[in-house]
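# Coordinate inspection notes
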Amino acid sequence: MEVESFENEEVAKLLNDWFVSIKVDREERPDVDKVYMTYVQALYGGGGWPLSVFLSPDLKPLMGGTYFPPEDKYGRPGFKTILRKVKDAWDNKRDMLVKSGAFAIEQLSEALSASAGSNQLPDGLAQNALRLCAEQLSNSFDSRFGGFGSAPKFPRPVEIQLMLYQSKKLEESGKPGEAKESLKMVFFSLQCMARGGMHDHVGGGFHRYSVDECWHVPHFEKMLYDQGQLANVYLDAFFISRDILYSFISRDILDYLRRDMIGSEGGIFSAEDADSAEFEGATRKKEGAFYIWTSKEIDDILGEHASLFKEHYYVKPSGNCDLSSMSDPHKEFKGKNVLIERNDSSALASKLGMSIQEYLDILGECKKKLFDVRAKRPRPHLDDKVIVSWNGLAISSFAKASKILKGEPQGTNFNFPVVGCDPKEYMEVAEKAANFIRRHLYNEQTRRLQHSFRNGPSNAPGFLDDYAFLISGLLDLYEFGGSTDWLVWATELQDMQDELFLDREDGAYFNTPGEDPSVLLRVKEDHDGAEPSGNSVSAINLVRLASMVSGSKSDHYRQNGEHLLAVFESRLKEMAMAVPLMCCAADMLSIPSRKQVVLVGHKPSEEFENMLAAAHASYDPNKTVIHIDPTNTAEMEFWETNNDKVALMARNNFAADKVVALVCQNFSCRPPVSSPKSLQHMLSNKSASSSVV
């Protein structure tokens, strides 16, 4: 519509004569977008972007829709026809139009302010929702190309998270066969996504989604929220499998962000566009122009290694977007190639009489050469807004990588675009991003967040997702080795989130503070889509916070979490597949006692870092890691105030010459250990005996 309608002189005249046209950046004002998208979905049974909505002067919606061609075609009214009809209705049926818009908003407001019938979910519902969601996803699994559902295929990381969580539960309940089946689906999907054209093999990171069923031709936009979540699920896959394929992909994503998407002060940018000019001075931009290659370009750039590279990435003189009828229906990519891996590297190396390492080294050198040439092309537009919620997702993945990747085998070789840095560098990136938000988007006096930053903070306030996703990132910053300052800030933000968004009477969180009268709806969002919902993330945050602090504060967090989930009882019962992360949250809350790993010793030291890596060496979403240095006054004060049991354990188990670890659950702790190997063994050994401390 941008090209067809909004650059059309005739359309412009109608708009300028009859309407006040307002363009909304939905990333900057998701609250405004949500109001009118909800209206269109409710009235017409579906929504999407571009979103066109006609409003009365008091902002009530009168009519709306998604894509309108400029003229009547495809069985749809043209945009000019729509403009004339709305103008005619406004002139001749204004009262009826305004009344119906006001009524629609009233009805939606009532329907969306969901409330709970009780303060917690019925017994067994959490486990049923988890099982039902896993079953529904399994039934939609694509055994040929991986992923859940059909084309277009989106990398919905919340689905992967649920399947990994369910696999762990099945294993713990003595069903290793079923657990393995869940893992096979996840690993196959992650491998297919990594081999596909949706993955940027030359520069790292992932594009938005695949238009076909085989993850080949993508919509070429790159979004920060995808990178943060995908890095996390690839890290989880490495956790579980110890296959370095997954650690490579998580590094590939994080190294792309470090290289191309971070400002000088540490804020992480939002997105890169799909379209770019094919050459300097071109008047029109084209989808994917920056990323695609002709066979001749590959020959010219790579010389003697061109044939190896072309076989590996399925590059053909006629172009390679022929794997599916959906890959290139309009022949936009004729003669062009979107790199995709279709063969096994070991088999190709063997065919050429090379070692696998030699083969991968050559591929790495080729990718670097292509990257250098690509860097001279006109780049896609960089959206350099720093959005708090998306930064929270990325902070989480950088913090986790700093410890999880210490589990890579010694001497692991890396190839471009992976840098191969010491994992601790990722923690520095995470802390720098968190500090950027604290410095530029957080008011220390009011304790409130702003939503985004570009040449200064935006006017938009922080929304629920900003608080929830940032709190989650801060909890990971702490658990994976950061200072208790991050925990202090997380608890401050949680208090403010409760003040601004919590429905204290009916439970759960609204998406907006409700202070802007021009935003007509406050919604309690539950759908876990391309991004998880703020309520799902909040429920998990509350579980995690409740396991760190003690007494009435812990009870308060837990009760808020239980009340929140009770609001979405019918959703968990009837539409579990729409809320995979909420299913995980419900199960987490149903567990009577979360496992705690408490590390006591001098920080910072190599011994402490190794012990912390051991504490995080196994995948267990129902585990909290607490680390404490009894010689640090600020840390001890925090724990004495918030959890005196942890402070007492620190005092009783401190030894100047070693780091001590205690694993506790159900009000008892196993005997302390002081070697990373012993701790890893204890965490993976379910039957070890406990003794009360």
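Remember, it's a predicted structure, so these values are computed and weren't measured experimentally.

### Points about the overall build of the protein
Assigned secondary structure in the protein consists of 25 helices and 17 strands. Relative to the globule expectation of 26 Å for 693 residues, the C-alpha radius of gyration of the protein, 26 Å, shows essentially globular dimensions. Here the C-alpha coordinates of the protein stretch approximately 80 × 70 × 45 Å along the principal axes. For the protein, the proportion of its 693 residues judged to be buried stands at 55%. For the protein, the share of sequence-separated contacts (at least 6 apart) that also reach a separation of at least 24 residues comes to 68%. Summing over all exposed atoms, the protein offers an accessible surface of approximately 29700 Å²; the carbon and sulfur share of this is 50%. Positive and negative side-chain charges of the protein, numbering 78 and 99 respectively, have mean locations separated by a distance of 3 Å.

### Let's talk about the packing of helix α18 (residues 534-548) against helix α19 (residues 551-567)
Where α18 contacts α19, the two axes come as close as 8 Å, and the packing angle between them is 155°. Of the possible angle classes, the one that applies to α18 and α19 is roughly antiparallel. In this structure, α18 meets α19 at a crossing whose hand is left-handed. Side by side, α18 and α19 meet where N535, S538, A539, L542, L545 and A546 of the first sit next to S554, Y557, R558, N560, G561, L564 and L565 of the second. Across the contact of α18 with α19, the residue classes tally to seven nonpolar, five polar and one charged.

### Notes on the side chain of D503
Among the secondary structure elements, D503 is positioned in the loop between α17 (484-501) and α18. At 2.8 Å, the side chain of D503 and the side chain of K524 are in polar contact. Apart from residues no more than four positions distant in its own chain, D503 is found in contact with A508, F510 and K524.

### A word on the pattern of salt bridges
Counted according to the given criterion, the structure contains 50 salt bridges. Between E181 and K184 there is a salt bridge whose closest N-O contact spans 3.5 Å. Taken as a pair, E181 and K184 lie in helix α7 (residues 176-195) at a separation of three residues, close to a single helical turn. By relative accessible area, which is 41% here, E181 ends up partly exposed. Where E492 meets R447, a salt bridge forms, and the shortest distance between an N and an O atom there is 3.7 Å. Residue E492 is found in helix α17, and its partner R447 is found in the loop between β11 (442-443) and β12 (448-449); the two are separated by 45 residues along the sequence. Given the relative accessible area of 14%, E492 is considered buried. Exposure remark for R447: the relative accessible area of 38% places this residue in the partly exposed category.

### Considering the state of the cysteines
On inspection of all chains with the given rule, the structure shows one disulfide. Here C664 is linked by a disulfide to C669, with a sulfur-sulfur distance of 2.0 Å. A torsion of 100° about the S-S bond marks the disulfide between C664 and C669 as right-handed. Accessibility expressed as a relative area gives 6% for C664, which makes it buried. Of all cysteine sulfurs in the structure, the one in C583 sits closest to C133, which takes part in no disulfide; the separation is 4.5 Å. The structure places no disulfide on C192, whose sulfur is separated from the nearest cysteine sulfur, that of C214, by 9.8 Å.

### Concerning the sheet that holds strand β9 (residues 382-383)
Strand order in the open sheet formed by three strands is β5-β6-β9, with antiparallel pairing between adjacent strands. At either margin of the open sheet sits one strand with a lone partner, and together these are β5 (222-223) and β9. With two bridges connecting them, strand β6 (residues 271-272) and β9 associate as antiparallel partners. Paired with A271 across the bridge in β9 is D383.

### Some remarks on the environment of V86
Among the secondary structure elements, V86 is positioned in helix α3 (residues 79-92). We classify V86 as buried; its relative accessible area is 8%. With residues up to four places along the chain from it excluded, the contact list for V86 reads F19, F54 and M63.

### A closer look at the pairing of strand β15 (residues 623-628)
Extensive coverage of β15 is indicated by the burial of six of its six residues. Covered by surrounding structure in β15 are K623, V625 and H627 together with T624, I626 and I628, the residues of both alternating faces. Here strand β14 (residues 595-600) pairs with β15 via six bridges, running parallel. Each bridged residue has a counterpart across the sheet, and for V597 the counterpart in β15 is V625. In this view, the connection linking β14 to its parallel neighbour β15 by way of helix α22 (residues 606-615) has right-handed handedness.

### Overview of the side chain of K168
Within the secondary structure, K168 is located in helix α6 (residues 157-172). Polar contacts involving the side chain of K168 include one to the main-chain carbonyl oxygen of Y619, which spans 3.3 Å. In this structure, K168 is in contact with Y619, D620 and P621, ignoring residues within four places of it in sequence.

### Some thoughts on unusual backbone geometry
A cis amide bond, omega -10°, links A151 with the succeeding residue P152. As for its position among the elements, P152 is in the loop between α5 (125-139) and α6. Residues K603 and P604 are joined by a peptide bond in cis, for which omega reads -15°. When you line up the elements, P604 lands in the loop between β14 and α22. Located in the positive-phi region is R447, a residue other than glycine, with phi close to 60°.

### Brief notes about α6
Over its 16 residues, α6 runs 23 Å from end to end, which matches the ideal 22 Å to within 8%, given 1.5 Å per residue. Across the 16 residues that make up α6, a large majority, twelve, are buried. Taken together, the buried positions of α6 are P157, V158, E159, I160, L162, M163, L164, Y165, Q166, S167, K168 and L170. Those residues of α6 that are buried are in contact with α5, α7, α8 (224-241) and α21 (580-590). Looking one or two places after α6, you find G174, whose phi comes out positive at around 75°.

### So, a nonpolar patch on the surface
Together, V20, I22 and V24 line one region of the surface with nonpolar side chains, adding up to about 330 Å² of accessible area. If you trace the backbone, I22 turns up in the loop between α1 (9-18) and α2 (30-44). Relative accessible area serves as the criterion here: at 66%, I22 is assigned to the exposed category.

### Remarks on a negative patch on the surface
On the surface, D422, E428, E606 and E607 cluster together to form a negatively charged patch. Residue position: E606 is located in helix α22. Overall, the relative accessible area of 51% leaves E606 in the exposed class.

### So, empty space enclosed by the protein
Taken as a whole and judged by the stated rule, the model has three cavities of 30 Å³ or more. Its boundaries defined by the atoms lining it, the largest cavity holds a volume of some 690 Å³. Along its surface, the largest cavity is lined by 32 residues, and Q161, K400, D476, I540 and R544 are the ones closest to its centre. At the level of elements, α6, α8, α14 (388-404), α16 (464-479), α18 and α21 are the ones that each hand at least two residues to the lining of the largest cavity. Looking at which element gives the most residues to the lining of the largest cavity, the answer is α8, with five residues. Each residue belonging to the lining of the largest cavity can be placed in one class, and the counts come to 15 nonpolar, nine polar and eight charged.

Reading the values: rules and limits
Residues numbered from 1 in each chain as written. Predicted model: local features only at pLDDT ≥ 70, side-chain atom pairs only at ≥ 80, totals over all residues. Heavy atoms only, no water. Helix = DSSP H or I, 4+ residues; strand = E, 2+ residues; numbered from the N terminus. Rg over C-alpha atoms; globule rule 2.2 N^0.38 Å. Buried < 20%, exposed > 50% of the residue type's maximum accessible area, 1.4 Å probe, protein only. Contact = heavy atoms within 4.5 Å. Areas by Shrake-Rupley, 256 points an atom, 1.4 Å probe, with all protein chains shown as cover. Lys, Arg positive; Asp, Glu negative; His and termini not counted. Charge placed at Lys NZ, Arg CZ, Asp CG, Glu CD. Axes fitted to C-alpha atoms, helices over the stretch in contact; angles between N-to-C directions. Parallel < 35°, antiparallel > 145°, perpendicular 65-115°, else oblique. Left-handed = near helix turned anticlockwise from the far one by under 90°. Nonpolar A, V, L, I, M, F, W, Y, C, P; charged D, E, K, R; others polar. Polar contact = N/O pair within 3.5 Å; in protein donor to acceptor, adjacent residues only side chain to side chain. Salt bridge = Lys/Arg side-chain N within 4 Å of Asp/Glu carboxyl O. Disulfide = S-S within 2.5 Å. Pairing = 2+ DSSP bridges. Right-handed = clockwise from strand over helix to strand, strands pointing away. Expected span 1.5 Å × (residues − 1). Patch = residues over 30% accessible without salt bridge, like charges linked within 9 Å, V, L, I, M, F, W, Y side chains within 5 Å. 1 Å grid on protein atoms, 1.4 Å probe; cavity = no way out; pocket = protein on both sides within 12 Å on 5 of 7 lines; lining within 4 Å. Points joined across faces, edges and corners; volume = space filled by probe spheres on them.

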